[in-house]
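Chains, contacts and geometry: an overview
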Amino acid sequence: MSRRVVGVTLDNLEHLSKHSRTCVFWELAPHLKEQAEEFGDTEFEKEAWVSSVLLEWGSCGRIIYCDGIPAGSVFYAPPAAVPRSLAFPTSPASPDAVLMTGLEVLPEFRGGGLGRVLVQTVAKDLTRRGVKAIEAFGDAQPIDDERTCVTPADFLTSVGFKTVRPHARWPRLRLELRSASSWKEDVEAALERLLSSVTVSTAEPSFRPV
């Protein structure tokens, strides 16, 4: 099975699942979300949010394809661009972190590690942009048969997130990102240890006659 991950743009929003394309849980404050749902324009609001964040901050989502079929997606943005985050009892998010919001893998593609791939792709993008950490509000009591816009806390811990503010239902978790400079320092240190363990002899070889 071939996998391909691309950035979310206004041109490929239609590749998102209907749930992801119309979910504005994170993008709007609670009262505005209710209004959007009442008037049936959540898809428009989602597109407007993506457009605004792309323009003001840059890439804010990823779509993963399996054999050319859209299989899942993830969104992320600075806390200031995620109004809903302020409504959580474990808010606010740390100022040095970017929030990962809606992460979805379609049911028929689950169990193959696609969620982990999406998180790794987000981490790679944000590391390159100099971000120190990813944070996410998790659902500690998810309902299996209910589709929500909050990522299960168990999944977040399974891919490396650590709880920074516990809560019975809505913990806040954090994934530290290694900067490019720290990665380079680790590699250089490893090479130095390797070279120091190698002894090079400059003595002339001796041969015994046969």
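This text goes with the structure placed above it.
The structure reproduced in this document is the subject of the present report. This structure is a prediction, so every number in the text was calculated from the model and none was measured.

Conventions and cut-offs
- Residues numbered from 1 in each chain as written.
- Predicted model: local features only at pLDDT ≥ 70, side-chain atom pairs only at ≥ 80, totals over all residues.
- Heavy atoms only, no water.
- Phe/Tyr/Trp six-rings, centres within 6.5 Å; stacked < 30°, edge-to-face > 60°.
- Helix = DSSP H or I, 4+ residues; strand = E, 2+ residues; numbered from the N terminus.
- Lys NZ or Arg CZ within 6 Å of the ring centre and 35° of its normal.
- Disulfide = S-S within 2.5 Å.
- Buried < 20%, exposed > 50% of the residue type's maximum accessible area, 1.4 Å probe, protein only.
- Core = buried A, V, L, I, M, F, W, Y, C linked by side-chain atoms within 4.5 Å.
- Contact = heavy atoms within 4.5 Å.
- Polar contact = N/O pair within 3.5 Å; in protein donor to acceptor, adjacent residues only side chain to side chain.
- Expected span 1.5 Å × (residues − 1).
- Salt bridge = Lys/Arg side-chain N within 4 Å of Asp/Glu carboxyl O.

1. Some thoughts on the packing of aromatic side chains
- Summed over the entire model, instances satisfying the criterion amount to 8 aromatic pairs.
- A centroid spacing of 5.2 Å and a plane angle of 80° characterise the contact between Phe 25 and Trp 26, whose relative ring orientation is edge-to-face.
- Their ring planes at 5° and their centres at 5.3 Å tell us that Trp 26 and Phe 88 sit as a pair that is stacked. Remark: Phe 88 occurs in the loop between strand 3 (69-77) and strand 4 (97-105) and Trp 26 occurs in the loop between helix 1 (18-22) and helix 2 (30-39); sequence separation between them is 62 residues.
- Through a chain of ring-to-ring contacts, three or more aromatic side chains come together here, namely Phe 25, Trp 26, Phe 88, Phe 137 and Trp 170.
- If you follow Arg 4 out to its NZ or CZ, it ends over the ring of Tyr 65, 4.6 Å from the centre.
- Over the ring of Trp 57 we find Arg 129, and its NZ or CZ is 4.0 Å from the ring centre.

2. What about the state of the cysteines?
- Applying the stated criterion across every chain yields a total of 1 disulfide.
- Note that Cys 23 is cross-linked by a disulfide to Cys 149, the S-S spacing being 1.8 Å. One end of the pair, Cys 23, is in the loop between helix 1 and helix 2; the other, Cys 149, is in the loop between strand 5 (133-139) and strand 6 (151-152), and 126 residues separate them in sequence.
- By relative accessible area, Cys 23 is classed as buried at 10%.
- By relative accessible area, Cys 149 is classed as buried at 14%.

3. Quick notes on the nonpolar core
- Formed by 28 residues in total, the largest nonpolar core has its most connected members in Met 100, Leu 126, Ile 134 and Phe 161.
- Counting residues per element, the ones that place at least two in this core are strand 2 (61-66), strand 3, strand 4, helix 4 (114-128), strand 5, helix 5 (153-158) and strand 8 (172-176).
- With 7 residues, the top contributor of residues to this core is helix 4.
- Those residues within four positions of Phe 161 in sequence are excluded, and the remaining contacts are Met 100, Val 119, Ile 134, Glu 135, Ala 136, Leu 156, Leu 173, Arg 174 and Leu 175.
- Counting residues in each nonpolar core, the second largest holds 21 residues, with Ile 63, Tyr 65, Phe 75 and Val 150 among its members.

4. So, the side chain of Arg 172
- Summarising the element assignment, Arg 172 is placed in strand 8.
- A polar contact is formed between the side chain of Arg 172 and the backbone oxygen of Thr 90, at a distance of 2.8 Å.
- For Arg 172, the contacting residues outside a window of four places in its chain are Thr 90, Pro 92, Ala 93, Ser 94, Glu 135, Ala 136, Phe 137, Lys 162, Thr 163, Val 164 and Arg 165.

5. Overview of helix 4
- Across its 15 residues, helix 4 extends 21 Å between first and last C-alpha, which sits within 8% of the 21 Å expected from 1.5 Å per residue.
- For helix 4, the full list of buried residues reads Leu 114, Gly 115, Val 117, Leu 118, Val 119, Thr 121, Val 122, Ala 123, Asp 125 and Leu 126.
- Of the residues trailing helix 4, Gly 130 is marked for its positive phi of about 80°.

6. What about the pattern of salt bridges?
- Under the defined criterion, the tally for this structure stands at 11 salt bridges.
- Ionic pairing is found between Arg 129 and Asp 125, a salt bridge with its closest N-O pair at 2.9 Å.
- Classification of Asp 125 as buried rests on a relative accessible area of 6%.
- With its nearest N and O atoms 2.6 Å apart, the salt bridge here joins Glu 176 to Arg 174.
- Residue classification places Glu 176 among the exposed positions, given a relative accessible area of 53%.

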